[in-house]
Amino acid sequence: MANRLKASAIRIKTPVEIERMRKVCRLAAETLRRAGEMVRPGVTLLEIDKFVHDFTFDNGAYPAPLNYEGFPKSVCLSVNEVVTHGIPDGYELKEGDIVNIDVTSRLDGYHGDCSAMFRAGAVSPEAERLCKAAREAMMRGIGAVRPGAFFADVGEAIEDYCDELGYSVVRDYCGHGIGRGFHEEPLVLHYRNSQRIRMAAGMIFTVEPMVNAGGWQVRTLQDGWTTVTADGSLSAQEEHTILVTRDGYEILTVE
């Protein structure tokens, strides 16, 4: 499907829409930062979810994951070998845990989406290296964004970098267009692919590679959401919402 999609199917945002996206993305970024400051041993995932829920509503927005296709909480929290879509529960963070916090806010009809890795106390050198690699992989992908570039350039930059470190890139999930819709066209693949669709100024999408210390294969648990590495290895992810500008890109999910 991704290879058959034409650039004309991707919505180009108007100046008014871009300003609304900037506003909601700033809120998402602030929510993520504040939630990340809570991460420490002894804190439960439910406490973080409650903060995201309350802070989002207090700012006149809605936590987009809540009730999205049946997801029961306001934020995705993915710990250690959990790749994505972890459902917050009573789990108490332990020293050495790594956790991805994935925030999506909806404000005035528009969505802002971002995630980052946080450490509960001191983590192992392996976990620290993986977390830093996930962030750099995202930035390598973002660095490929500019008018006229192919979306495939993003995946190539990410996978080339991860290959150098001996890590793998998850193939079952990808970045996506975003705006009025939580998920819009196009799909943004994070591994080498033949997606010959060119970027154009005004397109907005996420870059959000999931990087595994082991193989790229994943499996979904019985809750239908929580996805873990098939081999039990650690996983890390970072995400920003990106605007293609006339001469490059703008990261929208910054305060």
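Notes on the structure in this doc start here. Everything quoted here is computed from the prediction, not taken from an experiment.

Cis geometry marks the peptide bond from Glu185 to Pro186; its omega dihedral reads 5°. Turning to its location among the elements, Pro186 is positioned in strand E8 (residues 184-188). The phi dihedral of Glu69 is positive, around 50°, even though this residue is not glycine. Locating Glu69 in the fold gives a position in the loop between strand E1 (62-63) and strand E2 (76-79).

Running from N to C, helix H1 (residues 15-36) and helix H2 (residues 45-58) cross one another at 150°; their axes reach a closest spacing of 10 Å. Looking at the two axes, H1 sits roughly antiparallel to H2. Here H1 runs over H2; the crossing is right-handed. Every residue of H2 that contacts H1 at Leu27, Glu30, Thr31, Arg34 and Ala35 is listed here: Ile48, Phe51, Val52, Phe55 and Thr56. Split by residue class, the contact of H1 with H2 holds 6 nonpolar, 2 polar and 2 charged.

Here the focus is the side chain of Asn100. Relative to the helices and strands, Asn100 resides in strand E4 (residues 98-107). Polar contacts involving the side chain of Asn100 include one to the side chain of Ser115, which spans 3.2 Å. The residues contacting Asn100, other than those within four sequence positions of it, are Cys76, Leu77, Ser78, Ser115, Ala116, Met117, Gln237 and Glu238.

Look at H1: 31 Å from first C-alpha to last across 22 residues, which is about the 32 Å you get at 1.5 Å a residue. Here H1 has its buried residues at Glu17, Ile18, Met21, Val24, Cys25, Leu27, Ala28, Ala29, Thr31, Leu32, Ala35 and Gly36. At its buried positions, H1 is contacted by H2, E4, strand E5 (110-119), strand E9 (204-207) and strand E14 (240-244).

Summed over all chains, the structure comprises 5 aromatic pairs. Judged by centre distance (5.3 Å) and plane angle (20°), the ring pair of Phe51 and Phe55 falls under stacked. Of this pair, Phe51 and Phe55 both sit in helix H2, 4 residues apart, which is roughly one turn of the helix. Judged by its relative accessible area of 12%, Phe55 falls in the buried class. Plain terms: the ring middles of Phe151 and Phe205 are 5.0 Å apart, the flat faces sit at 65° to each other, and that makes the pair edge-to-face. With Phe151 in the loop between helix H3 (125-143) and helix H4 (152-165) and Phe205 in strand E9, this pair connects stretches of sequence that are 54 residues apart. Each member of the pair Phe151 and Phe205 is classed as buried.

On to the sheet that holds strand E3 (residues 82-84), then. Taken together, 3 strands build an open sheet; the order of strands is E3-E12-E11 and the sheet is antiparallel. Of all the strands in the sheet, the pair left with one neighbour each is E3 and strand E11 (218-220). Put simply, the sheet's adjacent strands are angled 40° from each other on average, direction ignored. In the sheet, E3 pairs with strand E12 (residues 227-229) via 2 bridges, with the strands oriented antiparallel. Across the sheet, residue Thr84 finds its bridge partner in E12, namely Thr227.

About the criteria used
Residue indices begin from 1 for each chain and proceed along its sequence in written order. Only residues with pLDDT of at least 70 get local features here, since the model is predicted, and only at 80 or more are side-chain atom pairs given and counted; chain-wide, interface and lining totals rely on the full set of residues. In computing side-chain values, all of the structure's heavy atoms are included and hydrogens and water are not. In DSSP terms, a helix is any run of H or I states spanning at least four residues, a strand is any run of E spanning at least two, and both are numbered starting from the N terminus. As a rule, the C-alpha atoms of each element are fitted with a line to give its axis, helices using only the stretch in contact, and angles between N-to-C directions run from 0 to 180 degrees. The labels follow the angle: roughly parallel below 35 degrees, roughly antiparallel above 145, roughly perpendicular from 65 to 115, and oblique for the rest. The crossing is said to be left-handed when, going from far helix to near helix, the turn is anticlockwise and less than a right angle, and right-handed when the turn is clockwise. Only heavy atoms matter for contacts: two residues are in contact if any of them lie within 4.5 Å across the pair. Residues are grouped as follows: Ala, Val, Leu, Ile, Met, Phe, Trp, Tyr, Cys and Pro are nonpolar; Asp, Glu, Lys and Arg are charged; every other residue, Gly included, is polar. Polar contacts, as used here, are pairs of N or O atoms within 3.5 Å; protein pairs need one atom able to donate a hydrogen and one able to accept it. Residues neighboring in sequence count only if both atoms are side-chain atoms. Expected helix span is taken as 1.5 Å per residue step, with the number of steps being one fewer than the number of residues. The rule is simple: take the accessible area with a 1.4 Å probe, protein chains only, and divide by the maximum for that residue type; under 20% is buried, over 50% is exposed, in between is partly exposed. To pair, rings of Phe, Tyr and Trp, with the six-membered ring standing in for Trp, must have centres within 6.5 Å; the planes then decide the type, stacked if under 30 degrees apart, edge-to-face if over 60, and tilted in the middle. In this scheme, strands are said to pair when DSSP sees at least two bridges between them.

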